[in-house]
Amino acid sequence: MQFLLRKFSLLIVFVLLPNLISAQDFQGKAYYFSKSTMELGRWGATMSEAQKKQIQERLKNRLEKTYILTFNKEESVFKEDEKIDAISGATDSWGKNFTPGEQYKNIKSKTLLQKQEFYGKQFLIKDDLLSLDWKIGKETKQIGQYMCFKATASIPTSDLTWYDFSWSSLRKKEEQKTDSINGVAAAPEVEMSEIVAWYSPQIPLSQGPLEYWGLPGLILEVNVGNTTILCSKIVMNPGEKSKIEAPDKGKEVTKKEYQETIAAKMQEMRDNRGRQMSRSN
């Protein structure tokens, strides 16, 4: 009996959802939970399990986050659920400089607009949506009441982490620049990330969390690197509609220009610290 009821409910979803989405004022909300594992590198080998656990607890508000994707047929806004963060009481002023801000996607114009704050300065990143060459497979699994299909893609890691900063990446760029000056013509190695996504044709919209999009159904789960993003709830046509509009405040830059800006600022801060230490000695 339970099997028949489940099949019947899935049939209702398949029949009614396309009609619901075609409505002029259609809107939906998808709630996602993101969890990342911590990579300690060579320092992790010298730590006890208790020390590792302590660090994980300290960084929990960076490693675990909740987001809301508000979407219609062509647009979406993806942002962190600030109410959850407020409840946890967690503050991470340093980490917020290197995490994705509120993001607007328009799949018709293939445009991305994203708010970013870096040390108190507001930026508005305007760029094209990611170009993802999805390979759609036959593997399926159930996520909640939705039947999902597997899709994979490979993309340069830097295209996914342009809002972040690492000294190792900066060192590589400096080494490549030095090699170029010295006439060394070795092609730079490009680190790639393998993306595994699960999308549901039951919600026939090419939207998804963060910059993931372009599949014939809403993306409900993404696995990439050490991070998993999973949809926990979907609300179709919520009673209280939210505004889905492109942000327009902040200094307008491309992703590349933003990455260059934060790299230059971090280099400047390091140089200033070095000069201060020299004076104190």
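The structure we're discussing is the one just above.
Trainee: Honestly, the overall build of the protein in this entry has me stumped. Any pointers?
Mentor: Helix and strand content of the protein: 8 helices and 12 strands. Burial statistics for the protein: of 281 residues in total, 38% are counted as buried. A separation threshold of at least 6 residues defines the contact pool for the protein, and within that pool the share at least 24 residues apart is 70%. Counting every atom, the protein has about 17400 Å² of accessible surface; 53% of that belongs to carbon and sulfur.

Trainee: Before we go on, may I ask you to explain the pattern of salt bridges in this structure?
Mentor: Pairs can form between side chains of opposite charge whenever their charged atoms are close. Counted by the stated rule, this structure contains 11 salt bridges. We note a salt bridge from Lys 150 to Glu 139, for which the minimum N-O separation is 3.5 Å. With a gap of 11 residues between them, Lys 150 in strand 8 (residues 146-156) and Glu 139 in strand 7 (residues 135-143) connect regions that are remote in the sequence. Put simply, Lys 249 and Asp 248 hold a salt bridge, and the shortest N to O gap is 3.8 Å. What makes Lys 249 exposed here is its relative accessible area of 65%.

Trainee: Explain the side chain of Asp 81 here, please?
Mentor: Within the element layout of this structure, Asp 81 appears in the loop between strand 3 (75-80) and helix 5 (82-88). Residues in contact with Asp 81, not counting those within four places in the same chain, are Thr 66, Tyr 67 and Ile 68.

Trainee: Quick question: what am I supposed to make of the sheet that holds strand 2 (residues 64-71) here?
Mentor: Note on sheets: strands pair through backbone hydrogen bonds, and any given pair is parallel or antiparallel. Across the sheet, 12 strands lie side by side as 7-8-9-10-11-1-2-3-4-5-6-12; this open sheet has mixed pairing. In the strand order of this sheet, the two ends are held by strand 7 and strand 12 (251-253), each with one partner. Neighbour to neighbour, the strand axes of the sheet diverge by 25° on average, direction disregarded.

Trainee: Honestly, the state of the cysteines in this entry has me stumped. Any pointers?
Mentor: The term disulfide refers to a covalent linkage connecting the sulfur atoms of a pair of cysteines. What the rule picks out here adds up to 0 disulfides. The structure places no disulfide on Cys 231, whose sulfur is separated from the nearest cysteine sulfur, that of Cys 148, by 8.7 Å. By relative accessible area, which is 8% here, Cys 231 ends up buried.

Trainee: What should I look at first to understand unusual backbone geometry in this one?
Mentor: With glycine set apart, most residues show a phi of negative sign, and most peptide bonds adopt trans. Despite not being glycine, Leu 210 has its phi angle at roughly 50°, a positive value. Relative to the helices and strands, Leu 210 resides in the loop between strand 9 (192-200) and strand 10 (218-224). One non-glycine residue, Asn 237, lies in positive phi territory at about 45°. Following the sequence through the fold, Asn 237 ends up in the loop between strand 11 (227-236) and strand 12. On the basis of relative accessible area, Asn 237 is assigned to the partly exposed category, the value being 26%.

Trainee: Is there a simple way to think about the environment of Cys 231 in this case?
Mentor: Assignment of secondary structure puts Cys 231 in strand 11. Sequence-wise, Cys 231 and Tyr 67 are 164 residues apart; in three dimensions their C-alpha atoms are separated by 9.2 Å. Excluding its chain neighbours within four sequence positions, the residues that come into contact with Cys 231 are Ala 30, Tyr 31, Tyr 32, Ile 143 and Leu 220.

Trainee: I'm lost on the pairing of strand 8 in this one. Help?
Mentor: Where a strand is regular, its side chains alternate between the two sheet faces. Direction of pairing for strand 7 relative to strand 8: antiparallel, over a ladder of 6 bridges. Bridged to Ile 143 within strand 8 is Tyr 146. From the end of strand 7 to the start of strand 8, which pair antiparallel, there are 2 residues, and Gly 144 there has a positive phi angle of about 65°. In terms of strand pairing, strand 8 meets strand 9 through 8 bridges, oriented antiparallel.

Rules and cut-offs
- Residues numbered from 1 in each chain as written.
- Predicted model: local features only at pLDDT ≥ 70, side-chain atom pairs only at ≥ 80, totals over all residues.
- Heavy atoms only, no water.
- Helix = DSSP H or I, 4+ residues; strand = E, 2+ residues; numbered from the N terminus.
- Buried < 20%, exposed > 50% of the residue type's maximum accessible area, 1.4 Å probe, protein only.
- Contact = heavy atoms within 4.5 Å.
- Areas by Shrake-Rupley, 256 points an atom, 1.4 Å probe, with all protein chains shown as cover.
- Salt bridge = Lys/Arg side-chain N within 4 Å of Asp/Glu carboxyl O.
- Pairing = 2+ DSSP bridges.
- Axes fitted to C-alpha atoms, helices over the stretch in contact; angles between N-to-C directions.
- Disulfide = S-S within 2.5 Å.

Function cannot be inferred from these measures alone, as they are strictly geometric.
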